[in-house]
Amino acid sequence: MDTPQYGSSDDATLRQPPPQPTLPQPHPSAPQQQNPGRIGPYEVFQLLGEGGMGRVFLARSPGSRLVALKVIRPEYAETPDFRGRFRREADAARKVSGFFTPPVLDADADAPQPWLATAYIPAPSLHDVVRRFGVLPDPALRALGTGLAEALLAIHTAGVVHRDLKPANVLVAEDGPRVIDFGISRAADATQLTRTGTVMGTPGFMAPEQIVSSREAGPAADVFSLGCVLVFAATGQGPFGAGSPTEVVYRAVHAPPQLTGVPDALRPLVTACLDKDPAGRPATTAVLTALGTADPAALLVPGLREDLATRAAHAGVLVTAPPVPVTPLEATAAPSRPSRRRFVWLALAGGAAAAAAGTAALAGGRPKPDGAPGRPTGATIAPGATVPAGPAPQWSHPLRQLQNGQLRLLGDTLVRWDQTTAIGYDAASGAERWTAAPRMPSDVSGKPEWLGVRGSTLFASALGDRGYLLGLDTNGALKFSHTVTERAAGGFPAQINAVFWASGAVALLGTSSDTGYGVCAVDLAAGKVLWSRQVAGSDFHAHSDGRTCFLHDGATLHGLDLRTGTVRWTVRDVLRPGDYPDLTTDGNALLVTSTKVQAFRATDGRTLWTAVDEPTRLNPTTVLGTTAYAVDGQGTVFALDTRSGKQRWHTASPLSLAPAGASDPGPAVSSSLLAYPLFGADTPGFVVLRAADGKVLWAHRASGAETRNKTTAWRVQISGTTLYAASDTTLYAFRSDPR
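Nothing here was measured: the structure is a model prediction, and the numbers come from that model. (Residues numbered from 1 in each chain as written. Predicted model: local features only at pLDDT ≥ 70, side-chain atom pairs only at ≥ 80, totals over all residues. Heavy atoms only, no water.)

Chemist: Please clarify how the side chain of Thr202 should be interpreted in this entry.
Modeler: Looking at where Thr202 falls in the secondary structure, it is placed in the loop between helix H5 (185-189) and helix H6 (208-212). Looking at Thr202, its side chain comes within polar contact range of the side chain of Lys166, at 3.2 Å. (Helix = DSSP H or I, 4+ residues; strand = E, 2+ residues; numbered from the N terminus. Polar contact = N/O pair within 3.5 Å; in protein donor to acceptor, adjacent residues only side chain to side chain.)

If you want it as structure tokens, here you go:
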């Protein structure tokens, strides 16, 4: 067998001296090469490091959010079919939601060098923590293991396998570990670079089946890696010792793990995780049960608190630093209009010293809101203006912890859910009314996957011998359980991943299977699939006005008859593949929101207008009547007339607004109020505007326990003048006077 080659590597022993820096430093190669000053919409500060697939930069978004930007190596980007695989994997990674994984914010598979941006966590890696502060005691190991298991649960639930869980890919933050660098290794592994004897992964932390054939590595391989990471944290070295990569991977396949130094109470669990047979390893849920309750504060070993405080201060300086204009060395984009995919190569002024001082080598400032086709006529609030505090809540109620919990109104019930749990709360008092537990079809062994509220129904999917769509009413009672997908020959039934739109009669669903992605329409009364259609890839979305199904498929828009699926019209080259736009409608026009808002006539697809054309992605748009409300990546809220595209008003928020997530519904709006979450790492909470003219009315800021999880946005809903808001810990109701 050829000597294995690896996508990245770690030294799994304690032979190297501990690193001294406590701040993120440029990679050692930085002085010999120039860093790009701008990658897509992001302003680059410094090179953090390099791995098998590319380089990782510390960068800043147009909305002044720090991101870790992974730029793929040219040899991958130039490989046939890599970009398509990268796009699919990045799309799957966007769906990962959980406290212990930083969110994937953006990706561009079509850039000269594809890139992926995740939220930046100012924390050292577990590798550095052990090197600098020593091995972890039992309570810290349990806190670490619990966080890793919860992270893997979220990753696997989204259909992703990490494949490279190792100490360097675990950050130790003040409130628990974070698993990074997930979601795109399979795209690299599937390229022609994965030749005979080539393995993507890190020796000493790969499962035996991954070493033999990466294509066989499933969720159980990540559990094996979790066991390896726990051994490293407990002993300072991996369970298969040191030596050449060939020696280490041979031991991983053939030799028992070395567990000397692992606490006795944890040794049975670690041993089970390191079983050579994937079927013998525990599931992530079983790992959580075995570890029991853990306190994240136990991870804060002596010396780490000071290190984290220094890193947080460093990040704060970078967030607020003004851009430093420099002369561009090369510009590959046409100068006629800004493009989120252009590369502008700039000299990095001052290197690490500039970054540490809060300056960056980048050009230009915040672009002014584009009023095309008409100039804005409403209020513009300067960032930094004082925002009044909100009214006292009418009521508040404690919440059970969910992973990336969502919130919607369903009649007189507030429904909060994640993929595994759905809970109903009384909208009048906040009291918990029910926890959803529908009766499952006889061939389904697991629990339902909750897809959320659409129209008058809470939807879920279940997978057994067939794929099922379940619907619950406002009381949590099961309304229907319909068979939607059948088992394919020699395979599994397609999984229902999304309910794009639903009325009382029809639902539009997104599906995925081994053979690709699809969309289908289901008659909810009869339980009959009206039609189904394969789409080109993962870049698709559907919506309806009750008559026409609007389908975005890659760069193309289709108008289909809602009940027959017959194509009524098609508009090509509307977007670039990978834009993942949001679709909504006012009943007459279809609005497509990506880096701009485009309107098309619902009856024939004729282009009507374009507005808010910007270089960065816009958050989803909410339509109420003939007004569309959109939020850009720089914290500006726009109100557009859906008939003409003209701006009724725009407001630059004085507080940082949260970036959109995969399940973001857009601004919460009533005829009198608009509310939007604030960026959690800055000022957790939400801001309230007057819907008529965009005047900032008040903001609610988190306090106490609500400030601990600063990476999760609050969820807001509005009914009339009542605003409902959920943090991770508490549900509130506020009554707001729009005057």
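The discussion continues.
Chemist: Is there a simple way to explain helix H7 (residues 219-235) in this structure?
Modeler: One turn of the α-helix equals 3.6 residues, which is why residues spaced by three or four share an orientation. Along its 17 residues, H7 runs 25 Å from first to last C-alpha, staying within 8% of the 24 Å computed at 1.5 Å per residue. Just downstream of H7 lies Gly236, where phi reads positive at about 90 degrees. (Expected span 1.5 Å × (residues − 1).)

Chemist: Please clarify how the nonpolar core should be interpreted in this entry.
Modeler: In summary, soluble globular proteins display a tendency toward joint burial of nonpolar side chains. Grouped together as the largest cluster of nonpolar side chains are 62 residues, with contacts concentrated most on Leu126, Leu136, Leu144 and Leu226. Listed by contribution, the elements that provide at least two residues to this core are helix H3 (126-133), helix H4 (138-157), strand S7 (170-173), H7, helix H8 (245-254), helix H9 (267-273), helix H10 (284-291) and helix H11 (304-320). Ranked by residues supplied to this core, first place goes to H7 with eleven residues. For this core, the two domains that each supply at least three residues are domain 1 (38-119) and domain 2 (126-320). Ignoring sequence-local partners within four residues, the contact set of Leu136 consists of Leu126, Leu141, Leu144, Ala233, Ala234, Leu299 and Val301. Residues Tyr629, Trp649, Leu678 and Val687 belong to the second largest nonpolar core, which totals 17 residues. (Core = buried A, V, L, I, M, F, W, Y, C linked by side-chain atoms within 4.5 Å. Buried < 20%, exposed > 50% of the residue type's maximum accessible area, 1.4 Å probe, protein only. Domains from an automatic or database assignment. Contact = heavy atoms within 4.5 Å.)

Chemist: Sorry, what's going on with H8 here?
Modeler: Taken together, the buried positions of H8 are occupied by Val248, Val249 and Ala252. Burial along H8 is one-sided: seen end-on, the buried residues are contained in an arc of 90 degrees. Exposed and oriented more than 90 degrees from the buried face of H8 are Tyr250 and His254. The inward-facing, buried residues of H8 abut H6. (Arc of directions from axis to C-beta.)

Chemist: Is there a simple way to think about the pairing of strand S20 (residues 467-472) in this case?
Modeler: A regular strand carries its side chains on alternate faces of the sheet. Buried residues dominate S20, accounting for six of its six residues. The pairing of strand S19 (residues 457-463) with S20 spans six bridges and is antiparallel. In the sheet register, Ala460 faces S20, and the bridge partner there is Leu470. The turn joining S19 and S20, which pair antiparallel and follow one another in sequence, is formed by three residues. In this sheet, strand S21 (residues 478-485) lies alongside S20 in antiparallel orientation, the contact comprising six bridges. Bridging from a neighbouring strand, Leu472 pairs with Leu478 of S21. From the end of S20 to the start of S21, which pair antiparallel, there are five residues, and Gly476 there has a positive phi angle of about 80 degrees. (Pairing = 2+ DSSP bridges.)

Chemist: I tried to follow empty space enclosed by the protein on my own but got confused; where do I start?
Modeler: Picture a little ball the size of a water molecule; that probe, rolled over the atoms, points out where space is still empty. Across all of its chains, the model carries three cavities of 30 Å³ or more by this definition. Its boundaries defined by the atoms lining it, the largest cavity holds a volume of some 130 Å³. Along the wall of the largest cavity there are 17 residues; nearest its centre are Asp664, Pro665, Pro677, Trp714 and Val716. The set of elements that each furnish at least two residues to the lining of the largest cavity consists of strand S14 (406-410), strand S39 (673-677) and strand S42 (715-719). Residues of the lining of the largest cavity, tallied by class, amount to twelve nonpolar, two polar and three charged. (1 Å grid on protein atoms, 1.4 Å probe; cavity = no way out; pocket = protein on both sides within 12 Å on 5 of 7 lines; lining within 4 Å. Points joined across faces, edges and corners; volume = space filled by probe spheres on them. Nonpolar A, V, L, I, M, F, W, Y, C, P; charged D, E, K, R; others polar.)

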